[in-house]
Amino acid sequence: MKRFLGLLLIGMMVASAGFGQKKLEDITIRFFAGGDAGDTFASIVYKGAMAAQKALGCKVEYVFSGWNNEKMVAQLRDAVAAKPDGIAMMGHAGDAALMPLVEQAAKAGIAMMYQNVDVPQIRAKFGGGYVGAQLESQGAALAEAAIKQFGLKKGDRVVVFGNWGMPGRYIREGASADAFAKAGLIVTKLTATNEMVSNTQLMLPVLSGEILAHPDTKLIEYANSANLGAVPMYMKALGKKPGDIKNIGFDTSAAIVDAFRTGYVQLSSDQQPYLQGFLPVASLALSIAYGFSPISYDTGAGFVTPGNIENLASLAVAGMR
């Protein structure tokens, strides 16, 4: 991070001196925020990207995809056709689906960055940086921390929500499920759909059915910040008191802060979505203007617990964490 800030300052000084391959204010970037404009995670990514746009003065066109892989691919096709200077792309659709379009972008001289989900095969062939958590290690680490923190043991039953069956969308949750299974826990995989992110109440019937069928469930892992923030609603509807079932997941938000404070959420793995907006825009702008190499940055920031949630609370409420 210190290296990046140094490059950013150098870039801004060079800009003021009037040097560079292209002026920052003449650079156009198309930025993919991933979800819908108002959703918990995408809104933080968007804020980060807007902050970089304001700091550097480049032009940024924002794309919202509702976390839909097919829509992202179609929107990337449109983005390449529009020929911006750079594209910051969510990698959810995966290497195979995105590779032909990235090849077209490379031939057109469009610089690429990737955020939230990595595309290692594409980056190995065409370059570009990745800003986001290392999903497999993040998912495994969350499960291992939960097993240790809550004293889970062989034969205990856990639920893991994920976008099962959607390539690139369940790497993290799959690693969690594998880590739980390796420890001898009984793992039930339930699907979290894009619609459940937009309307969190849609998860309740699925969750209710599972808990009614398996009332001995010890822990539930959620795949996104929207559903993790809705945990108090789920638990109250199920007649569960705080702590009756351990609830864990990813990220922070104002709703997740409240869920921690009321005792309904016990553990979260933070991936700092603000940086997933700020750094790709900044990297593209500085690379295009001054030839800097692309930035790759692991945004995984460790675990949020009841013991440290207040350190992040004000930033989460402000939509920064």
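Above this text is the structure in question.
Quick caveat, the model's predicted, so the values are computed rather than measured.

Visitor: Give me the lowdown on the pattern of salt bridges, citing residues and values where you can.
Guide: For side chains of opposite charge, pairing can occur when their charged atoms come near one another. A full pass over the atoms with the stated rule returns nine salt bridges. Ionic pairing is found between Asp118 and Arg123, a salt bridge with its closest N-O pair at 2.8 Å. With a relative accessible area of 23%, Arg123 lands in the partly exposed category. Between Glu173 and Arg172 there is a salt bridge, with the nearest N and O atoms lying 2.8 Å from each other.

Visitor: Summarise the sheet that holds strand E2 (residues 59–63); cite the residues concerned and give the values.
Guide: The strand order across the open sheet built from six strands is E2-E1-E3-E4-E5-E11, with neighbouring strands paired in parallel fashion. Only two strands of the sheet have a single neighbouring strand rather than two, namely E2 and strand E11 (297–298). Of the strand pairs in this sheet, strand E4 (residues 111–115) and strand E5 (residues 130–132) are connected by two bridges, and their pairing is parallel. Pairing of Tyr114 across the sheet is with Tyr130, part of E5. Contacts from helix H3 (residues 69–82) reach strand E1 (28–32), E2, strand E3 (86–90) and E4 within the one sheet, and its direction differs from that of E1 by about 180°. Seen against the sheet, helix H13 (residues 273–290) touches E1, E2, E3, E4, E5 and E11 and runs at an angle of roughly 165° to E4.

Visitor: Break down the nonpolar core for me, with residues and values.
Guide: In this structure, Leu76, Ile87, Met89 and Leu98 are the most contacted members of the largest nonpolar core, which totals 57 residues. Here the element with the most residues in this core is H13; it accounts for 12 residues. If we skip the residues at most four places from it in the chain, Leu98 touches Val73, Leu76, Met89, Met90, Gly91, Ala93, Val119 and Ile122. Listed in part, the 28 residues of the second largest apolar core include Leu190, Val231, Leu238 and Val257.

Visitor: Tell me about the side chain of Thr217, residues and numbers included.
Guide: With respect to the secondary-structure elements, Thr217 resides in strand E8 (residues 217–221). A distance of 2.8 Å separates a polar side-chain atom of Thr217 from the backbone oxygen of His214. Beyond its immediate stretch of four places on either side in the chain, Thr217 contacts Arg157, Val159, Ile211 and Ile245.

Visitor: Give a detailed account of the sheet that holds strand E7 (residues 186–191), specifying residues and quantitative values.
Guide: The strand order across the open sheet formed by six strands is E7-E6-E8-E9-E10-E12, and the pairing between neighbours is mixed. If you trace the sheet from one side to the other, it starts and ends with E7 and strand E12 (303–304), each paired once. Where strand E6 (residues 157–162) lies against E7, six bridges are found, and the strand directions are parallel. In the sheet register, Val158 faces E7, and the bridge partner there is Val187. Relative to the sheet, helix H7 (residues 171–182) contacts E6, E7, E8 and strand E9 (246–250), its axis offset from that of E6 by approximately 165°.

Conventions we followed
- Residues numbered from 1 in each chain as written.
- Predicted model: local features only at pLDDT ≥ 70, side-chain atom pairs only at ≥ 80, totals over all residues.
- Heavy atoms only, no water.
- Salt bridge = Lys/Arg side-chain N within 4 Å of Asp/Glu carboxyl O.
- Buried < 20%, exposed > 50% of the residue type's maximum accessible area, 1.4 Å probe, protein only.
- Pairing = 2+ DSSP bridges.
- Helix = DSSP H or I, 4+ residues; strand = E, 2+ residues; numbered from the N terminus.
- Contact = heavy atoms within 4.5 Å.
- Axes fitted to C-alpha atoms, helices over the stretch in contact; angles between N-to-C directions.
- Core = buried A, V, L, I, M, F, W, Y, C linked by side-chain atoms within 4.5 Å.
- Polar contact = N/O pair within 3.5 Å; in protein donor to acceptor, adjacent residues only side chain to side chain.

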